[in-house]
Amino acid sequence: MSFLNPLFLLGLAAVAAPIIVHLVRRTRAQKVEFPSLMFVRQVPQRTIRRRTLHNLLLLLLRTLAFLLLVMAFTRPYFGNGSAESGRGQRANVILLDTSFSMRYGKHFEQAKTRARALIDETRGNEPTALISFGSRYEVLSRFTTDTAKLKSLLDAAQPGLSGTDYTQALRGAETLFKDVNNANKRLLLISDFQASGHNSADATFRVNKNIKLTPIDVGEPNTPNLAVTDLSAQPLIYQPKYTDKLSARITNFSDEAKAGVRVELNLNDHLVEKRELNIAARDTATVDFTGFNLNEGVNRGVIQIEGDSFPVDNRFFFTLRRAEQLKALTIETATRGRSESFYLRNALTTGENLPFALTVKTAGATNPGELPEYKVVLLNDAAINQALAQALIKFVESGGGLVIAAGPHTEASTLNASLQSLLPASLESQVNLHGEYVSLSDIKIDHPVFEVFRQSGRLASARVFNYWRATPKEAAAVLARFEDGNPALIERSHGNGNVLLFTSSFDAGWNDLPLSPLYLPLVRQMARYLGEREERAWYPLGQTFSARVAKNGEPPAVDAPGGERLTERNLSATGELLVQARENGFYRLRYPDTSDFTAINLDSKESDLTRLNVDEFVAAVTGADIKDVAANAANEKLSKEEIEAKQRVWWMLLLGALALFVAEAALARRTKTARVIG
């Protein structure tokens, strides 16, 4: 039972009035002293009992009358207005949205209240299942008629931190319905109906026709929100000062402009810098930070904003690692005059935050035993002996990176023979275009080597006059070709390392690439790709990240952002610990001699609280006509006032109170008359 005016329940105190009056007006016998009782009239005991019975009956009538009168003013009603047909033959699945947008305001409390009312509505004779969902779904209870169990699970449910995926939730519910044979199947979806949870353009899933989908909306029409939605950073730094741009994106998901939004950069729990932004409605602003100092090792950073009432997504976590430079070696052919690695040397040693300390040697001056000291080796158009070739093979097998540039000094037959197990392709013959040129084409722009060119796309402007025709091996991948279809850049894995083969030179003899602004980023990307361990400033929630093993070969102990020690020990093929991120914040990786950190952030799409059109959503996932959906929704979604108006329970309570007052008056008059006569 529910009440339209629950405050009138305070009027139940009025029920005490008849009791108080009854006690106050109770007749007390007057003490009269008599020398003898012979003149006192004898009253039969049965008359006293009848009079006592009459008085108690009056008290009961008055109390009940006041009780019904108060209850009438509360205007009670039963249920939620849904049809009662099929009761006892119906099976229900309650889908409860637990994505982090449900933390907004009182959305989740309202959702649990609605779910509890639905469980009560089953009256313990309808099989009901309970599923929570965010980006994935979890079956909290399969079909049961134990309402106490369902309520207990519901009370324990809490909103999570993941995004929303309605399709996955509906698939889970449909699968669960296979456990029951009830003809009337009802799917109750309780959510704030966030637009980002359903892509109508890509959605092809349809709920089975014998399942009735009923949406229960606990959202609000206006849900403004500010959020830090993205951050761009260079995660690996080789100098004390961060000189790159650290760019944070702040998005205003509301219909009103936000002025004076405070943005703070915190590093290792200390405030580094703060700014103020003005952000237009439904717009994004970018704030850049640079020129701050870093400690050696890993640095924990947080971008934090203030200015809205939904703080869940107001912090963005990241890490910046300051590391020592890695050693790189360029091997070239001894020639007279200027080194043919002039451009290569400048590209890898000019500028700030350089990952490598470069050494240039001729093939004859290179000691094969020194190769393990380096992380990357660049074989720049050099003829090598057998000892150096074998050392290069072992170097790559143990995890090193090798870049080979084939130019005019390269001896194809010797190189093919000495590095046969290592080369990505077999070199065949030189191609001289005699004044003509070809450009790069068919570039795998999604490969890490070319990621810096995704926006500009200007690699095709480089002109190549000479190159080696090559035949890629079976396990190799062609990352770029020349316009005539011949391979330009080929990659192959060998052991724990990788090899890149460029079929032209790194100097200006066979192409004009070193004279273009593309040369420096391309060469650096090749070296970074082969030499640097993959490093990311942050990971999205739900993604799995790997934790390197300690020096003793054991994986680290891992503490979640909330402080809980993780017990799952899933290992990769190389022995690294695989951790699935379920909380935002910093995961702490505890090694015997140090600690490391990995930053995890929320799904930025979930910060956009723009709402779905519920009728259109139901029509899309059921295949029904939107007019029919709207009509059914209008019939089912009765307001409390409409439900109460249809039932009119207060009228019956008022009539009952009136009848009791009439009966009480008649009985009181009869009792009074009896006393007078007596």
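Residues numbered from 1 in each chain as written. Predicted model: local features only at pLDDT ≥ 70, side-chain atom pairs only at ≥ 80, totals over all residues. Heavy atoms only, no water.

1. Regarding the confidence of the model for the chain
Then, number 1: A residue-level look at the chain finds 85% of positions with pLDDT of 70 or above and a mean pLDDT of 86.
Then, number 2: Low pLDDT, under 50, characterises residues 46–51; the predicted model gives this stretch two contacts beyond four residues in sequence or across chains.
Then, number 3: Segment residues 81–86: pLDDT under 50, and nine contacts once partners within four positions in sequence are set aside and those in other chains are kept. (pLDDT = per-residue confidence, 0-100. Contact = heavy atoms within 4.5 Å.)

2. Overview of helix 7 (residues 386–397)
Then, number 1: Counted at 1.5 Å a residue, the expected span for helix 7 with its 12 residues is 16 Å, and the 17 Å between its end C-alpha atoms agrees.
Then, number 2: Buried-residue contacts for helix 7 involve strand 18 (326–332), strand 20 (376–380), strand 21 (401–405), helix 8 (412–418), strand 26 (487–494) and strand 27 (497–502).
Then, number 3: Sitting at the amino-terminal end of helix 7 is Asn-385, which places a side-chain oxygen 3.3 Å from the backbone nitrogen of Ala-387.
Then, number 4: A positive backbone phi angle near 115 degrees is found at Gly-399, which sits one or two residues after helix 7. (Helix = DSSP H or I, 4+ residues; strand = E, 2+ residues; numbered from the N terminus. Expected span 1.5 Å × (residues − 1). Polar contact = N/O pair within 3.5 Å; in protein donor to acceptor, adjacent residues only side chain to side chain.)

3. Brief notes about the pairing of strand 21
Regular strands place side chains that alternate from one sheet face to the opposite one.
Then, number 1: Burial analysis of strand 21 places five of its five residues in the buried class, which makes it a mostly covered element.
Then, number 2: Burial of the side chains of strand 21 extends over both faces: Gly-401, Val-403 and Ala-405 are buried on one face and Leu-402 and Ile-404 on the other.
Then, number 3: Relative to strand 21, strand 20 runs parallel, the two being bridged by five bridges. Of the residues in strand 21, the one forming a bridge with Leu-378 is Val-403. (Buried < 20%, exposed > 50% of the residue type's maximum accessible area, 1.4 Å probe, protein only. Pairing = 2+ DSSP bridges.)

4. Considering the nonpolar core
Then, number 1: Of all hydrophobic cores here, the largest spans 38 residues; its most connected members are Phe-450, Leu-489, Phe-506, Tyr-519 and Met-526.
Then, number 2: Top contributing element to this core by residue count: helix 9 (residues 519–531), with six residues.
Then, number 3: Not counting residues up to four positions away in its chain, the partners in contact with Met-526 are Val-403, Val-449, Leu-489, Leu-500 and Phe-506. (Core = buried A, V, L, I, M, F, W, Y, C linked by side-chain atoms within 4.5 Å.)

5. Structural notes on the packing of aromatic side chains
Then, number 1: Evaluated as defined, the whole model comprises 17 aromatic pairs.
Then, number 2: Ring plane angle 80 degrees and centroid distance 6.5 Å describe the contact between Tyr-437 and Phe-465, whose orientation is recorded as edge-to-face. Highlighted residues: Tyr-437 in the loop between strand 22 (425–432) and strand 23 (440–441) and Phe-465 in the loop between strand 23 and strand 24 (466–472), separated in sequence by 28 residues.
Then, number 3: We classify Phe-465 as partly exposed; its relative accessible area is 24%.
Then, number 4: Aromatic side chains Phe-586 and Phe-597 sit 6.5 Å apart centroid to centroid with 80 degrees between the ring planes, which places their arrangement in the edge-to-face category. Highlighted residues: Phe-586 in strand 33 (residues 585–590) and Phe-597 in strand 34 (residues 595–601), separated in sequence by 11 residues. The burial state of Phe-586 is the same as that of Phe-597; both residues are buried.
Then, number 5: An aromatic cluster is defined as three or more aromatic residues linked by ring pairs; in this entry it consists of Phe-133, Tyr-166, Phe-193 and Phe-617.
Then, number 6: Over the ring of Phe-597 we find Arg-300; its NZ or CZ atom is 5.0 Å from the centre of that ring. (Phe/Tyr/Trp six-rings, centres within 6.5 Å; stacked < 30°, edge-to-face > 60°. Lys NZ or Arg CZ within 6 Å of the ring centre and 35° of its normal.)

6. Things to note about the sheet that holds strand 28 (residues 539–540)
Then, number 1: Spatially, 28-34-33-30 is the arrangement adopted by the four strands of the open sheet, whose pairing is mixed. Where the open sheet ends on each side, the last strands, each with one partner, are strand 28 and strand 30 (557–559).
Then, number 2: Where strand 28 and strand 34 come together, two bridges link them in parallel fashion. Bridge assignment links Tyr-539 to a residue of strand 34, and that residue is Ile-600.

7. Describing the packing of helix 3 (residues 107–121) against helix 4 (residues 147–156)
Then, number 1: It is the contact of helix 3 with helix 4, at a shortest axis distance of 10 Å, that shows an interaxial angle of 175 degrees. Between helix 3 and helix 4, the angle falls in the class roughly antiparallel. Listed contacts from helix 4 to Lys-112, Ala-115, Arg-116, Ile-119 and Asp-120 of helix 3 are Thr-147, Leu-150, Lys-151, Leu-154 and Asp-155.
Then, number 2: Across the contact of helix 3 with helix 4, the residue classes break down as four nonpolar, one polar and five charged. (Axes fitted to C-alpha atoms, helices over the stretch in contact; angles between N-to-C directions. Parallel < 35°, antiparallel > 145°, perpendicular 65-115°, else oblique. Nonpolar A, V, L, I, M, F, W, Y, C, P; charged D, E, K, R; others polar.)

8. Remarks on the sheet that holds strand 32 (residues 577–580)
Then, number 1: Spatially, three strands are ordered 29-32-31 in an open sheet, and the strand pairing comes out antiparallel. Two strands close off the open sheet at either side, each with one partner strand: strand 29 (544–547) and strand 31 (570–571).
Then, number 2: As paired strands, strand 31 and strand 32 are joined by two bridges and run antiparallel to one another. Bridge pairing links Asn-570 to Leu-578 in strand 32.

9. Concerning helix 9
Then, number 1: If you check helix 9, its first and last C-alpha atoms are 18 Å apart, about what 13 residues at 1.5 Å a residue would give, namely 18 Å.
Then, number 2: Counting buried positions along helix 9 yields 10 of 13 residues, so the element is predominantly enclosed.
Then, number 3: Of the positions making up helix 9, those classed as buried are Tyr-519, Leu-522, Val-523, Arg-524, Gln-525, Met-526, Ala-527, Arg-528, Leu-530 and Gly-531.

10. Topic: the side chain of Asn-584
Then, number 1: Mapping Asn-584 onto the fold places it in the loop between strand 32 and strand 33.
Then, number 2: A residue is classified by how much of its surface remains accessible, and Asn-584, at 19% relative accessible area, is buried.
Then, number 3: Contact partners of Asn-584, with chain neighbours within four places excluded, come to Leu-161, Val-312, Phe-317, Leu-541, Pro-561, Ile-600, Asn-601 and Leu-602.

11. Notes on the pairing of strand 5 (residues 137–144)
Then, number 1: Sheet topology note: the strand 4 (residues 128–133)/strand 5 ladder contains five bridges and is antiparallel. Within strand 5, the position partnered with Thr-128 by the bridge is Thr-144.
Then, number 2: Counting the residues in the hairpin turn of strand 4 and strand 5 gives three residues.

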